[in-house]
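Descriptive structure summary
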Amino acid sequence: MDPDPGGRPSVLRTALAAWSAIEEDATHHLVVQDDMLLSETFFERARAAVREMPEAALALFALWDARNGAAVRLAAMSGARWVGSVNEYFPCVAIVLPRRVATGFVEYGRQRLDAWPDDILMYRYLRDRGIPSYVSVPSLAEHEDRGSISGNAFRGPRRSVCFLPDDRPGNEGARLTGLGVVPFFKHGVAQCAVRQDGPGPERWLHLECESFLEGSGIRVQRLDSAMLGLTEVRDREAVRGTWLTAFALGLVHRRDGRGGALDPDADPVLAEALATIGPGGISHRRSEEQIAEVRDGLARVARAGLEAGLTAGERRTPAGRGPRAARTGPAHAVGLVGGASPLGEHLARGLADRGCRVTALGTEGGHPAPGGRTPGLDAVVDLGPLHHHGERAPASVVVRLLDRADGTVRSTHTLHTGDLYGPGCSRDSAIGRMVWSALRYQPVVVTEPPGPDLRPLHTADLVDAVAHAVTAPVRERAVLLPVGSPLGVREVADAVLEAVRPVPLEAVAAADRQGRRGRQDRGDRLDGLGLPGLPTLEGWKPTRELRHGLHTFAQWLAYEGIRHAPD
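Below, the structure is looked at part by part.

Analysis parameters
Residues numbered from 1 in each chain as written. Predicted model: local features only at pLDDT ≥ 70, side-chain atom pairs only at ≥ 80, totals over all residues. Heavy atoms only, no water. Helix = DSSP H or I, 4+ residues; strand = E, 2+ residues; numbered from the N terminus. Buried < 20%, exposed > 50% of the residue type's maximum accessible area, 1.4 Å probe, protein only. Contact = heavy atoms within 4.5 Å. Areas by Shrake-Rupley, 256 points an atom, 1.4 Å probe, with all protein chains shown as cover. Axes fitted to C-alpha atoms, helices over the stretch in contact; angles between N-to-C directions. Parallel < 35°, antiparallel > 145°, perpendicular 65-115°, else oblique. Left-handed = near helix turned anticlockwise from the far one by under 90°. Nonpolar A, V, L, I, M, F, W, Y, C, P; charged D, E, K, R; others polar. Polar contact = N/O pair within 3.5 Å; in protein donor to acceptor, adjacent residues only side chain to side chain. Expected span 1.5 Å × (residues − 1). Patch = residues over 30% accessible without salt bridge, like charges linked within 9 Å, V, L, I, M, F, W, Y side chains within 5 Å. Salt bridge = Lys/Arg side-chain N within 4 Å of Asp/Glu carboxyl O. Pairing = 2+ DSSP bridges.

Things to note about the overall build of the protein
Broken down by element type, the protein carries 18 helices and 21 strands. Counting only residues that meet the buried cut, the protein has 57% of its 567 residues in that class. Within the protein, contacts between residues at least 6 apart in sequence are counted, and of these 76% link residues at least 24 apart. Within the structure as shown, the protein displays about 23,300 Å² of accessible surface, and the carbon and sulfur contribution to it stands at 50%.

So, in structure tokens, the structure goes:
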């Protein structure tokens, strides 16, 4: 029971009460939320798993649109019964923890009651302490969707990636770990979480599935024709997202050398895991009844996409896992300055996926070579102005086009980014602060009168723009990347409440806000610097929809950006 029923609804407060109720002689503690249906063999499988993995945290449920749900699909394709959790909240609706882990989480959570939801705190707690964590395949519980004190009901139906009530215990030691690419369909868009190679703490990039496939040598435009005629489903976004996600699952599975022939007709776990790709991806805007109408059609699309991806994966071995491994022909050679940051990593990967050969250059200013020349490169992309912008220098990326033979600069182009947001971006911006507040169940604060209008530009659009400037003829020496009319702060705030979480909107006097933060939010003061009069980038325009972009920004902040925040 909630220890403070009169207070603000809080899953964490109630969860800590449940985690504190550990019996004296218990080695493990099981917590199940009251809106979960349990499988017929729930306790048998849970006990067997505890015997196999006594030191691990075990999640007995994963959502159909989640990264951990996608990991379950990859495990089902491999015949595994458990899969190592990936960079996402750790599902807490049905979970088993060893005693010492449970007691440690109680102490950890009590110090952070006003910080994060319980599942994000659990993910952070397990990760920081190196506690192994696994998700069951299939799920041992199903969500009843009777409402949510965690404030998640607005997301639509929240079902398991794969729930089979009569799944039998056995082979609980079969585990899949070390996933490097996790394709999933969420919020209407096929996406991929990709583990970043290299030294330091594990970190993941948040990419669109289409970009990942292009970087793997797959021409997505050619796939579009293969989707036609597969189904009577008229929702093309649902069909395309389901197909691309299933294709990427098959490609990754076969490319990485996991498992043999797959037969969903003979494998009910795999069949159900595939059947939930489409429903999960559209659950944010469809009712249970509407999803039921298209479920079978989308399941057929998923099976066809998986088969096509498996075939494509047979031509790509693990040795060719890097971006553009399957492409031939000359690539644009690009030097990247100031790329040692989360945003820089996303930009480097994005340029590589779009056909560029990217080399990290360590000196800001764009000319690390003696004499200011960089022979062997077609362009240098300098992110320095993104990191050091201020009142008189708005955020921008500088692209210098070079003569590859001798490295001399042929032309310089400044791409003004406006209000950049999305994976890899800081929470310390006008948009970032609103998203960060909503993530943490805090009111989104806006000033009265409102601050300067905003010109949002998503990370993926920035990557597209830079790739265009590098590979296509560009005449303009300075351009403004956001197009159209600017958006008022209140309009962006409303979009944050819709895309991230419907928290209260709090209006404060501008002077009060300045006093709270030591300065007033100023945006990039584009109007005062005359930037709205600049031309746009010829032959290119941004395409990411604001609400989906805000959603991806929130996901990245919660799972990766949280690493850069104070504990």
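Notes on the packing of helix α3 (residues 67–78) against helix α8 (residues 236–255)
How two helices pack is summed up by the angle between their axes together with the distance between the axes. Axis separation between α3 and α8 bottoms out at 11 Å; the angle between their running directions is 50°. Judged by the angle between their axes, α3 and α8 are oblique. The chirality of how α3 crosses α8 is right-handed. Together, A70, R73, L74, M77 and S78 of α3 and L249, G250 and H253 of α8 make up the contact between the two elements. Split into classes, the residues belonging to the contact of α3 with α8 amount to 4 nonpolar, 3 polar and 1 charged.

Side note on the side chain of E172
With respect to the secondary-structure elements, E172 resides in the loop between β7 (141–143) and β8 (175–176). Of the polar contacts made by the side chain of E172, one reaches the side chain of R45; its length is 2.9 Å. Side-chain polar atoms of E172 contact the side chain of W82, separated by 2.8 Å.

Here we look at helix α4 (residues 99–110)
Compared with the 16 Å implied by 1.5 Å per residue over 12 residues, the 17 Å span of α4 between its first and last C-alpha is a close match. Burial in α4 covers these residues: V101, A102, F105, V106, Y108 and G109. Against α1 (11–20), β1 (28–32), β5 (94–98) and α5 (118–128) lie the buried residues of α4.

A closer look at a nonpolar patch on the surface
A grouping of L30, V32, L38 and F43 is seen on the molecular surface, where their side chains present a nonpolar patch of about 300 Å² in accessible area. You can see L38 is positioned in strand β2 (residues 36–38). Take L38: its relative accessible area is 37%, and that puts it in the partly exposed class.

Things to note about the pairing of strand β10 (residues 189–195)
Two faces, one strand: in a regular strand the side chains alternate between the faces of the sheet. Among the 7 residues in β10, 5 count as buried, and that is most of the element. When strand β9 (residues 181–186) meets β10, the two strands line up antiparallel, connected through 6 bridges. Note that in β10 the partner of F184 across the bridge is Q191. Here β9 folds back onto β10 in antiparallel fashion, the turn holding 2 residues, of which H187 has a positive phi close to 60°. Of the strand pairs in this sheet, β10 and strand β11 (residues 204–208) are connected by 5 bridges, and their pairing is antiparallel. Its bridge partner lying in β11, A193 is registered against H206.

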